[in-house]
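Structural overview for review
Below, each chain spelled out in residue letters.
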Amino acid sequence: MSNQLLEVHNLNTLYGRSHILHDLSFRLAKGESMSLMGRNGMGKTTTLKSILGIVPPRSGHVYFDGEDISHLPTWKRMRRDIAYVPEGRGMFHNLTVKEHLQMAARPGSNGETKWDYDRVLATFPRLSERLCNLGTELSGGEQQMLAIGRALVTNPRLMILDEATEGLAPLIRQDIWNVIASIRESGISSLVVDKNIKALKGLCDRHVVIVKGKVHFDGSSSELDQNLEKVETALSV
Ligand SMILES: Nc1ncnc2c1ncn2[C@@H]1O[C@H](COP(=O)(O)OP(=O)(O)OP(=O)(O)O)[C@@H](O)[C@H]1O
Ligand SMILES: [Mg+2]
């Protein structure tokens with residue numbers, strides 16, 4: 001059996017005539033945590049949406065745990081144990097904190113329920129004080145915690161996080177990094193989109209940097225250190 005969890009193979013994704021992803025390929029091993037970095041507009045969110053089928057690629061394949069999921073609709077891909085924390089957090093306007101979590105909770109496809117409502121509240125004590133508030137009434141940091149909690153209660157094998165720390169105060173940002181670290185320690189693989197190279201170096205095993213929809217760098221944290229100048233140039237505005 002392969003130890004690859006996610007394989008992205010030669011993706012080409014377009015919006016109308018704008019060709020955004022160009023033969024994009026990378027792999028994520030089971031239990032591994034991977035960062036996906038790049039400047040604004042380079043195609044990070046488009047990569048995630050292509051993996052999930054939210055924006056279907058023109059060509060290329062996505063394999064999850066050895067299965068070609070390229071033809072599946074988004075909800076079926078997510079039922080393969082992929083959880084998505086979208087950019088902007090995606091709170092539902094009419095649901096409370098409690099309802100957000102209860103609605104999403106389900107066992108993983110192997111029947112596991114390691115992450116349930118109580119464990120999420122124990123991980124994010126601040127949410128337990130706001131259970132009856134609407135998701136949209138929370139602060140930015142609390143909304144991010146809820147978005148991560150809502151993903152965790154689906155008991156995923158892969159967590160995909162898009163700019164989870166964007167716009168947050170440094171202390172809250174650190175809280176989110178700590179949670180991402182504990183997700184990794186609990187054995188869940190993750191694909192983390194962010195721009196903070198320093199934080200990601202400690203948090204992820206492997207790093208992919210994209211420039212204009214093409215892989216510019218793909219390597220381990222120590223390879224990232226050896227190529228720091230090249231990577232920092234690709235990320236600087
Ligand atoms: N729905 C859309 N229709 C047309 N073009 C789009 C659409 N979504 C994104 N784009 C364009 O595709 C390119 C890649 O966008 P994408 O959102 O993937 O970038 P990103 O790397 O996630 O950027 P950011 O760091 O700002 O979130 C950009 O030029 C963007 O303007
Ligand atoms: Mg984006």
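Counting restarts for each chain, with residues numbered from 1 along the sequence as it is written. Think of it this way: whatever chain is written first is A, whatever ligand is written first is 1, and the rest follow in order. With pLDDT at 70 or above as the cut-off, local features in this predicted model cover only qualifying residues; side-chain atom pairs require 80 or more to be listed or tallied, and sums for whole chains, interfaces and linings still use all residues. Side-chain figures throughout are based on the complete set of non-hydrogen atoms in the structure, without hydrogens or water.

Going by an unreviewed UniProt entry, the protein carries the name Amino acid/amide ABC transporter ATP-binding protein 2, HAAT family and comes from Marinobacter subterrani. Its UniProt record, at the heading Sequence similarities (unreviewed entry), says of the protein: "Belongs to the ABC transporter superfamily." UniProt positions are given in the numbering used here, feature names are shortened, and annotations may be inferred rather than shown by experiment.

1. Considerations on the coordination of the magnesium ion (ligand 2)
At 2.0 to 2.6 Å from the magnesium ion (ligand 2) lie its protein donor atoms, namely Thr45 (OG1) and Glu87 (OE). With threonine 45 in helix α1 (residues 44-52) and glutamate 87 in the loop between β6 (82-85) and α3 (97-104), this residue pair connects regions lying 42 residues apart in the sequence. Here a donor is an N, O or S atom found within 2.8 Å of the metal, or within 3.2 Å if the metal is Na, K or Ca; sites may look incomplete because water is not among the atoms. Counting from the N terminus, the helices are the DSSP runs of H or I reaching at least four residues and the strands are the DSSP runs of E reaching at least two.

2. Some thoughts on the site of ligand 1
Near, as used in this document, describes a residue that has one of its heavy atoms within 4 Å of the molecule or strand being considered. The environment of ligand 1 is formed by 13 residues, the closest being Gly41, Lys44, Thr45, Thr46 and Glu87. Here a polar contact is recorded for every N or O atom pair within 3.5 Å, except that within protein the pair must consist of a potential hydrogen donor and a potential acceptor, and residues adjacent in sequence are included only if both atoms are side-chain atoms. Methionine 42 is positioned such that a nitrogen or oxygen atom in its backbone is 3.2 Å from an oxygen atom of ligand 1. One of the side-chain N or O atoms of threonine 46 is found 2.5 Å from an oxygen atom in ligand 1. The protein chains shown are the only cover counted for residues, whose accessible areas, like all others here, come from Shrake-Rupley with a 1.4 Å probe. Taking 630 Å² as the accessible area of ligand 1 by itself, protein coverage stands at 59%. Per element, the largest residue contribution to the shell around ligand 1 is 3 residues, and it comes from α1. A class-by-class count of the residues in the shell around ligand 1 yields 3 nonpolar, 5 polar and 5 charged. Throughout this entry, Asp, Glu, Lys and Arg are counted as charged residues, while Ala, Val, Leu, Ile, Met, Phe, Trp, Tyr, Cys and Pro are counted as nonpolar. The remaining residues, Gly among them, count as polar.

3. A closer look at helix α7 (residues 170-185)
Relative to the 22 Å expected for 16 residues at 1.5 Å per residue, α7 spans 23 Å between its end C-alpha atoms, a close match to the ideal helical length. Listing the buried residues of α7 in full gives Ile176, Trp177, Val179, Ile180 and Ile183. Projected onto a plane normal to the axis of α7, the buried residues spread over an arc of 160° and lie on a single side. Turned more than 90 degrees away from the buried face of α7 sit Pro170, Leu171 and Glu185, all of them exposed. Residues count as neighbours in contact if any of their non-hydrogen atoms are within 4.5 Å of one another. On its buried side, α7 packs onto α6 (140-152), β7 (158-162), β8 (189-193) and α8 (197-203). Just downstream of α7 lies glycine 187, where phi reads positive at about 95°. The length a helix should cover is 1.5 Å for every residue beyond the first. Working definition: with a 1.4 Å probe on protein chains only, accessible area under 20% of the residue-type maximum means buried, over 50% means exposed, and in between means partly exposed. Working definition: the arc comes from the directions between the helix axis and the C-beta atoms, pointing outward to the latter.

4. Notes on the UniProt feature "domain: ABC transporter" (unreviewed entry) in the protein
Residues annotated by UniProt as "domain: ABC transporter" (unreviewed entry) correspond here to residues 6-237. Structurally, residues 6-237 comprises 36% helix and 27% strand, and the distance from its first C-alpha atom to its last is 30 Å.

5. Examining the nonpolar core
As used in this record, nonpolar core signifies buried Ala, Val, Leu, Ile, Met, Phe, Trp, Tyr and Cys residues forming a set joined through side-chain atoms within 4.5 Å. With 44 residues, the main nonpolar core has Leu127, Ile148, Leu152, Met159, Leu161 and Ile180 as its most contacted residues. Taken together, the elements giving at least two residues each to this core come down to β6, α3, α4 (117-123), α6, β7, α7, α8 and α10 (228-235). Broken down by element, this core gets its largest block of residues, 6 residues, from α6. With 26 residues, the next largest nonpolar core counts Leu24, Phe26, Ile69 and Val193 among its residues.

6. Comments concerning the packing of α6 against α7
Running from amino to carboxyl end, α6 crosses α7 at an angle of 10°, the nearest separation of the two axes being 10 Å. Judged by the angle between their axes, α6 and α7 are roughly parallel. Both α6 and α7 take part in a crossing whose hand is right-handed. Along the contact surface, α6 presents Gly141, Gln144, Met145, Ile148 and Leu152, while α7 presents Ile172, Asp175, Ile176, Val179 and Ile183. Looking at side-chain class alone, the contact of α6 with α7 contains 7 nonpolar, 2 polar and 1 charged residues. Orientation is described by lines fitted to C-alpha atoms, with helices fitted over the stretch in contact, and by angles between N-to-C directions that extend from 0 to 180 degrees. Working definition: roughly parallel below 35 degrees, roughly antiparallel above 145 degrees, roughly perpendicular at 65 to 115 degrees, and oblique for all remaining angles. Rotating anticlockwise by less than a right angle from the far helix to the near helix defines a left-handed crossing, while the corresponding clockwise rotation defines a right-handed one.

7. Overview of α3
Buried within α3 are the following residues: Val97, His100, Leu101 and Ala104. Viewed along the axis of α3, the buried residues span an arc of 90°, placing them on a single side of the element. Against α4, α5 (125-128) and α6 lie the buried residues of α3.

8. Details of the environment of glycine 219
In this fold, glycine 219 is placed in strand β10 (residues 214-220). When its relative accessible area of 3% is taken as the criterion, glycine 219 is described as buried. Sequence separation between glycine 219 and arginine 206 is 13 residues; the distance between their C-alpha atoms is 5.6 Å. Among residues more than four places away in sequence, those in contact with glycine 219 are Asp205, Arg206 and His207.

9. Examining the sheet that holds β8
Two strands make a pair as long as DSSP finds a minimum of two bridges between them. Read from one edge to the other, the open sheet built from 6 strands follows the order β6-β7-β8-β3-β9-β10, with strand pairing classed as mixed. The sheet terminates laterally at β6 and β10, the two strands that pair on one side only. Sheet twist, expressed as the mean angle between neighbouring strand axes with direction ignored, is 15°. Across 4 bridges, the pairing between strand β3 (residues 33-37) and β8 is parallel. In the strand pairing of β8, leucine 36 is matched with valine 193. Here α1 sits on the sheet and contacts β3, β6, β7, β8 and β9 (206-211); the angle it forms with β7, its principal contact strand, is near 150°. Against the sheet, α6 touches β6 and β7, its axis set at about 170° to β6.

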